[in-house]
There are 2 protein chains.
Amino acid sequence: MDQTICPKFEKALSIMNKRWTSLIIFQLLEGSQRFCEIESAIGVSGRVLSERLKDLEKEGMVTRTVHDETPVRIEYSLTDKGHSLKPALNQIQSWADEWVEAE
Amino acid sequence: MDQTICPKFEKALSIMNKRWTSLIIFQLLEGSQRFCEIESAIGVSGRVLSERLKDLEKEGMVTRTVHDETPVRIEYSLTDKGHSLKPALNQIQSWADEWVEAE
DNA sequence: TATGTTACTTACTTTATGTAACTAACTATA
DNA sequence: TATAGTTAGTTACATAAAGTAAGTAACATA
């Protein structure tokens, strides 16, 4: 285990490479959304979504807002840090458009 | 499980989000390297590295070249498809520089 | 003959994820 | 008042993926 790779870059990948994380952020780039919306939009299980949203909150990338309506409405939205991943995700999208074949 | 997300993008993420894949590609952006070099540079286990390199070959992103020396030397290098991920990885690097704190 | 080299593979353990049922805190309906 | 319905989770259990460490093939050198 050498240390030839930038630790910030490694940290970034350790966040983004966790399954579902990038898709959750991509989804939230469309605007704030509630738990069940994210769940059904990207097909992640509630168990993992819950885990990821907590991680992303800890990383300061996502904000959780409780609206005291009935039934309770909880909104997840991106912080500036979360939003700033947009160019990277767009680059991945461009790569996909050019290199990934449609199924 | 809706289908609101571009399938090409999802496919791209399913490749890139597999643990170690992005780091392997990032490492190979420096030039072709052999198995044990990649292994020690990024700290991936041989078991998984072997698996990932096979996947990446199947996806047409990595080429495996055998040099009949003693002991045998096997070089892994990026194809155009693999190399073209550079802008996306650079964007992640930029994001990391701006937003990830040094430890 | 024993040791060293690279590039793996195999067997086994630990961790991560998927699945589906369950809970809390309410409201609406019968 | 009991029953069912809502969202946002959590829990327990099963399966899949990754880590660990030893083993193998095919050579060469000491």
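What you see is a predicted model, and the numbers here were worked out from it, not measured in a lab.

Enquirer: How should the protein's contact with DNA strand D be read in this particular structure?
Expert: For DNA strand D, the set of nearby residues contains 21 residues, the closest of which are S50 and Y76 of chain A together with R47, R52 and T70 of chain B. Here DNA strand D approaches the protein such that, of its atoms within 4 Å, sugar and phosphate make up 69%. One of the side-chain N or O atoms of K54 of chain A is found 2.8 Å from a phosphate oxygen in DNA strand D. In this structure, a phosphate oxygen belonging to DNA strand D sits 3.2 Å away from a side-chain N or O atom of W20 of chain B. The set of elements that each furnish at least two residues to the surface near DNA strand D consists of α3 (35-42), α4 (46-58) and β3 (73-78) of chain A together with α4 (46-58) of chain B. Tallied by class, the residues present in the surface near DNA strand D amount to eight nonpolar, four polar and nine charged.

Enquirer: Would you explain empty space enclosed by the protein in this entry?
Expert: In this approach the atoms are scanned with a rolling probe the size of a water molecule, which exposes any empty space left behind. Evaluation of the coordinates by the stated rule reveals one cavity of 30 Å³ or more. Within this model, the largest cavity holds a volume of roughly 40 Å³. For the largest cavity, the full set of lining residues is L13, M16, N17, S22 and I92 of chain A together with L13, M16, N17, S22 and I92 of chain B. If you list the elements that add at least two residues to the lining of the largest cavity, you get α1 (7-16) of chain A together with α1 (7-16) of chain B. The residue makeup of the lining of the largest cavity, split by class, is six nonpolar, four polar and no charged.

Enquirer: Can you help me understand the interface of chain A and chain B in this one?
Expert: Frequently, the measure chosen for interface size is the accessible area removed from exposure when the parts meet. Between chain A and chain B, the residue contacts involve 41 residues of the former and 41 residues of the latter. Taking both sides of the interface into account, the surface hidden between chain A and chain B amounts to around 3,800 Å²; carbon and sulfur atoms contribute 70%. Of all residues in chain A, the largest losses of buried area upon contact with chain B belong to K8, F9 and W95 of chain A, amounting jointly to 19% of the total for that side. Between chain A and chain B we count zero salt bridges in total. Our count for the chain A to chain B interface comes out at six residue pairs in polar contact (both at pLDDT 80 or more). Looking at the side of chain A that touches chain B, the elements that each hand over two or more residues are α1, α2 (21-28), α3, α5 (80-83) and α6 (86-99) of chain A. Looking at the side of chain A that touches chain B element by element, the count peaks at ten residues for α6 of chain A. Considering only residue class, the side of chain A that touches chain B consists of 23 nonpolar, nine polar and nine charged.

Enquirer: Hey, could you run me through the sheet that holds strand β3 (residues 73-78) of chain B in this one?
Expert: Backbone-to-backbone hydrogen bonds join strands into a sheet, with any given pair of strands oriented parallel or antiparallel. All names here are of chain B. Across the sheet, three strands lie side by side as β1-β3-β2; this open sheet has antiparallel pairing. The sheet is open, and its two edges are formed by β1 (33-34) and β2 (62-67), each paired on a single side. Two elements, β1 and β3, share two bridges in a ladder whose sense is antiparallel. Along β3, the bridge assignment pairs Q33 with Y76. Lying on the sheet, helix α2 (residues 21-28) is in contact with β1, β2 and β3; it crosses β3 at an angle near 100°.

Enquirer: Just checking my understanding: could you explain the packing of aromatic side chains for this structure?
Expert: To describe a pair of aromatic rings, one takes the distance between the centres and the angle between the planes. The full count for this structure, using the stated rule, is two aromatic pairs over all chains. Ring geometry for F9 of chain A versus F26 of chain B: centroids 4.3 Å apart, planes at 35°, classification tilted. Of this pair, F9 of chain A sits in helix α1 while F26 of chain B sits in helix α2, which puts the two residues in different chains. Both residues of the pair, F9 of chain A and F26 of chain B, belong to the buried class.

About the criteria used
Residues numbered from 1 in each chain as written. Chains lettered and ligands numbered in written order. Predicted model: local features only at pLDDT ≥ 70, side-chain atom pairs only at ≥ 80, totals over all residues. Heavy atoms only, no water. Near = heavy atom within 4 Å. Polar contact = N/O pair within 3.5 Å; in protein donor to acceptor, adjacent residues only side chain to side chain. Helix = DSSP H or I, 4+ residues; strand = E, 2+ residues; numbered from the N terminus. Nonpolar A, V, L, I, M, F, W, Y, C, P; charged D, E, K, R; others polar. 1 Å grid on protein atoms, 1.4 Å probe; cavity = no way out; pocket = protein on both sides within 12 Å on 5 of 7 lines; lining within 4 Å. Points joined across faces, edges and corners; volume = space filled by probe spheres on them. Contact = heavy atoms within 4.5 Å. Buried area = accessible area lost by both parts, 1.4 Å probe. Salt bridge = Lys/Arg side-chain N within 4 Å of Asp/Glu carboxyl O. Pairing = 2+ DSSP bridges. Axes fitted to C-alpha atoms, helices over the stretch in contact; angles between N-to-C directions. Phe/Tyr/Trp six-rings, centres within 6.5 Å; stacked < 30°, edge-to-face > 60°. Buried < 20%, exposed > 50% of the residue type's maximum accessible area, 1.4 Å probe, protein only.

Read these as layout, nothing more, since geometry by itself doesn't imply function.
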